[in-house]
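Letter by letter, the chains look like this.
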Amino acid sequence: FIGKEQHQQAKELVVFIDSLERRSKTCGVILCGDLNSPPMLPSIRTIQQSGLNDVWQQSSAGKGLLTIGGTFPSHARVLGMPSCFRKLIRLDYIFLHESGREIVCKCVYVQDDSCDCSLASDHLPVCAVF
């Protein structure tokens, strides 16, 4: 779970996004997905240091001590654990490149009020309104 391969992939992703910014006049880049890395791993830090801003951290949702934005596991029964072990780890993200100043994230949240969310995947979806 050290994430060496993910770190290399993050470096390549950063180079690709930078090339998009240089080649065209974009209004910004939104990167979102299941990155399977918690925030403290080098892969996520590499993405953040490249100018991609984590919309969860920048939102009011990410300001509280207990609001880590956990997306995994979506349902503790999947892992055979008590329900208190739900949403322990944050593995899913939405990033906005700083060139996208015209794009404003109005709100971001982890969708978990539906049984369908926890049955469809072992991760809960991160949603944002721009």
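Residues numbered from 1 in each chain as written. Predicted model: local features only at pLDDT ≥ 70, side-chain atom pairs only at ≥ 80, totals over all residues. Heavy atoms only, no water.

Engineer: So, the overall build of the chain: which residues are in play, and what are the values?
Structural biologist: When you go through the chain residue by residue, the secondary structure sums to four helices and five strands. Listed N to C, the secondary structure of the chain is α-β-α-β-α-β-β-α-β in terms of helices and strands. Scored against the burial criterion, the 130 residues of the chain give a buried share of 35%. Sequence-distant contacts in the chain: of pairs separated by 6 or more residues, those separated by 24 or more amount to 64%. Looking at the chain as shown, the accessible area adds up to about 8,000 Å², and 58% of this sits on carbon and sulfur atoms. (Helix = DSSP H or I, 4+ residues; strand = E, 2+ residues; numbered from the N terminus. Buried < 20%, exposed > 50% of the residue type's maximum accessible area, 1.4 Å probe, protein only. Contact = heavy atoms within 4.5 Å. Areas by Shrake-Rupley, 256 points an atom, 1.4 Å probe, with all protein chains shown as cover.)

Engineer: Which residues make up the nonpolar core, and what are the values?
Structural biologist: Membership of the largest hydrophobic core is limited to ten residues, which are Ala10, Val14, Ile17, Val29, Leu31, Ile44, Ile47, Leu52, Tyr93 and Phe95. Of all the secondary structure elements, the ones that give two or more residues to this core are helix 1 (4-23), helix 2 (42-49) and strand 3 (92-97). Per element, the largest residue contribution to this core is three residues, and it comes from helix 1. Excluding residues that lie within four positions of it along the chain, Val29 makes contacts with Ile17, Glu21, Leu52, Phe95, Leu96 and His97. Membership of the second largest hydrophobic core comes to seven residues, among which are Val55, Ile94, Leu96 and Val110. (Core = buried A, V, L, I, M, F, W, Y, C linked by side-chain atoms within 4.5 Å.)

Engineer: Which residues make up the pattern of salt bridges, and what are the values?
Structural biologist: Oppositely charged side chains can form a pair if their charged atoms are brought close together. The full count for this structure, using the stated rule, is one salt bridge. Residue Asp54 is joined to Arg90 by a salt bridge in which the shortest nitrogen-to-oxygen separation is 2.7 Å. A residue pair is termed long-range when its members are at least 10 positions apart, and Asp54 in strand 2 (residues 52-54) and Arg90 in the loop between helix 3 (55-58) and strand 3 qualify at 36 residues. Just as Asp54 is buried, Arg90 falls in that class too. (Salt bridge = Lys/Arg side-chain N within 4 Å of Asp/Glu carboxyl O.)

Engineer: Tell me about helix 1, and name the residues and values.
Structural biologist: In this model helix 1 runs 29 Å from its N-terminal to its C-terminal C-alpha over 20 residues, within 8% of the 28 Å that 1.5 Å per residue would give. Buried within helix 1 are the following residues: Ala10, Val14, Ile17, Ser19 and Glu21. (Expected span 1.5 Å × (residues − 1).)

Engineer: Mind laying out the environment of Leu124, listing which residues take part and the relevant values?
Structural biologist: Mapped onto the secondary structure, Leu124 falls in the loop between helix 4 (115-120) and strand 5 (126-129). Counting along the chain gives 54 residues from Leu124 to Gly70, while the straight-line C-alpha distance between them is 8.2 Å.

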